[in-house]
Amino acid sequence: MRVYVPLTLPGLAAAHQAGEIGPGPLTAYAVTPGLREWYVSDDIEELEYAALNRAASASLRLIAGNPGTARRRVVVAVDVPDGTAVADPDRSLDSSSLGEVRISSPVPLTAAAAVHVDADDAEKDVTAAAAALGAADLGDDDAQFTVDGAEDHELLWFGIQEIPNLIG
């Protein structure tokens, strides 16, 4: 099962040093029944892209909670055995948790398929989005527009062998 783990650049550096993403439990995003229903598609690539975007939004929240961290969203795509990532049935109706899964233990970085990171030119918009996130959550349309500006940036794809260059 492919899952998307939201991180920050310092989180990616820590994972690289430890050789694993953790400790558990980890929050990740995957193609869940709730995500399928919300996205209304049977195309697995589209659904995985939706899960990746949900993880990118979660990475933005991590950035917003850590003022000193680099303002680039990071998502690690990881392949885990079926049954390892479990959706919380109590949150299935909560739209903020669409595609959200929990992984109980650390995931070896060798299970990573790719790393997705914002380009340098996204930093200005990600910085503004992180600052506006609280107001957007409270319903401020202008703040939501700012958050959406960061989401307009596509994350770049990197192989796991490129992690040292990303964190260096």
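Residues numbered from 1 in each chain as written. Predicted model: local features only at pLDDT ≥ 70, side-chain atom pairs only at ≥ 80, totals over all residues. Heavy atoms only, no water.

Colleague: Honestly, the side chain of Arg73 in this entry has me stumped. Any pointers?
Modeller: By the secondary structure assignment, Arg73 is in the loop between α3 (44-64) and β4 (74-79). With a relative accessible area of 3%, Arg73 lands in the buried category. At a separation of 2.7 Å, a polar atom in the side chain of Arg73 contacts the side chain of Asp118. Ignoring anything within four residues of it in the chain, the contact list for Arg73 reads Ala56, Ser59, Leu60, Ile63, His116, Val117, Asp118, Val126, Ala150, Glu151, His153 and Leu155. (Helix = DSSP H or I, 4+ residues; strand = E, 2+ residues; numbered from the N terminus. Buried < 20%, exposed > 50% of the residue type's maximum accessible area, 1.4 Å probe, protein only. Polar contact = N/O pair within 3.5 Å; in protein donor to acceptor, adjacent residues only side chain to side chain. Contact = heavy atoms within 4.5 Å.)

Colleague: Got a minute to help me understand the nonpolar core in this structure?
Modeller: Most often, soluble globular proteins keep nonpolar side chains buried together rather than apart. Core analysis: the largest hydrophobic core is formed by 25 residues, its most contacted members being Val3, Leu12, Ile21, Val76, Val78, Ile103 and Val115. Put simply, the parts of the chain that give this core at least two residues each are β1 (2-7), α1 (9-18), β3 (26-29), β4, β6 (100-103), β8 (112-117) and α6 (163-167). Contacts of Leu12, omitting those with residues within four sequence positions, involve Leu7, Val74, Val76, Val115, Ile163, Leu166 and Ile167. Grouped together as the second largest cluster of nonpolar side chains are 15 residues, Leu35, Ala51, Ala58 and Leu155 included. (Core = buried A, V, L, I, M, F, W, Y, C linked by side-chain atoms within 4.5 Å.)

Colleague: Help me out: how do you make sense of helix α4 (residues 123-137) in this one?
Modeller: Along an α-helix, residues three or four positions apart point the same way, because every turn accommodates 3.6 residues. End to end, α4 covers 21 Å across 15 residues, agreeing with the expected 21 Å (1.5 Å per residue, within 8%). Ala131 marks the point of greatest bend in α4, at about 40 degrees. Of the residues making up α4, those classed as buried are Val126, Ala129, Ala130, Ala132, Leu133 and Ala136. The secondary structure elements touched by the buried residues of α4 are α3 and α5 (141-151). (Expected span 1.5 Å × (residues − 1). Bend = angle between axes of the 7 residues up to and from the residue.)

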